[in-house]
Amino acid sequence: MGPKRVPLLDAASVPAGAVGIAAGGVIGLLGPRQHLDYVVEHELKESGVHIMICTASYLDTSGEERKVRQYFKFQVQKPMSVTTKLHFMQECLFLENQIQNVTKVPLHLDAVKFEPTLHYIREDLNDLGVDPAPPAPSPEAQVAAAAAG
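Small disclaimer: the values here were computed from a predicted structure and weren't measured.

Residue-level account of the pairing of strand β3 (residues 80-89), with values.
The sheet contact formed by β3 and strand β4 (residues 92-101) spans ten bridges and is antiparallel. In the sheet register, F88 faces β4, and the bridge partner there is L93. The hairpin formed by β3 and β4 contains two residues between the paired strands, and Q90 there has a positive phi angle of roughly 50°.

Provide a residue-level description of the environment of E65, including the pertinent values.
As for its position among the elements, E65 is in strand β2 (residues 65-76). Dropping the residues within four chain positions of it, E65 is found in contact with S57, Y58 and L59.

How would you summarise the pattern of salt bridges if you had to cite specific residues and measurements?
All told, the structure shown has one salt bridge when counted by the stated rule. Two residues, D60 and R66, come together in a salt bridge whose shortest N-O distance is 3.2 Å. Given a relative accessible area of 38%, R66 falls into the partly exposed group.

Talk me through the side chain of H50; I want residue IDs and the actual numbers.
Within the secondary structure, H50 is located in strand β1 (residues 48-59). Here E46 takes part through its backbone oxygen, which lies 2.9 Å from a polar atom of the side chain of H50. The contacts of H50, once residues within four sequence positions are left out, are L44, F72, K73, F74 and V76.

Rules used throughout
- Residues numbered from 1 in each chain as written.
- Predicted model: local features only at pLDDT ≥ 70, side-chain atom pairs only at ≥ 80, totals over all residues.
- Heavy atoms only, no water.
- Pairing = 2+ DSSP bridges.
- Helix = DSSP H or I, 4+ residues; strand = E, 2+ residues; numbered from the N terminus.
- Contact = heavy atoms within 4.5 Å.
- Salt bridge = Lys/Arg side-chain N within 4 Å of Asp/Glu carboxyl O.
- Buried < 20%, exposed > 50% of the residue type's maximum accessible area, 1.4 Å probe, protein only.
- Polar contact = N/O pair within 3.5 Å; in protein donor to acceptor, adjacent residues only side chain to side chain.

Written out as C-alpha cells, the structure reads:
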C-alpha cells in the first residue's frame, strides 16, 4: 500500500470570519511578525514513519502566486503492548491480559474494562473485597530493623 494523503486543514474549508479567514479561504493581509496558529488533530492508526507536509500559498509583490512547503517527519509507535493468556481449569476459562507501557514516559490509564460476549460472565478480581497486601518494608527499614534486633 502506497502513501496515503489526508488533508488536515484546508483554509478554503474554514468558515469565513473564523480566526482571520475571509471568504474563499483567503487570510487577507498578514503584517510583519504576525502569525496565525492552527491546531490540527488526526488519529494515526498505523505505526511507522509518517510525514506531515505544511503548505502556505501567498502572492508576492508582483502578484505572482508562491508556495512555501515544510516537511515534518516523525515516528509513530504503539504506546502499549497487550499480551493475552488463556488458562483452563476444570469447567472454567480464565483470561489473563497483561498491559505493558512500552514508551519512555509514564502513561495514565483511566480504566481497563473487560466486556465478555453473551456466553461468558466476568468477575473482576479487583472487586472481591479482599484488602490488598501491606507494602513490603523498604530496604532502609529492613536494615534499621536488623540493626535494632
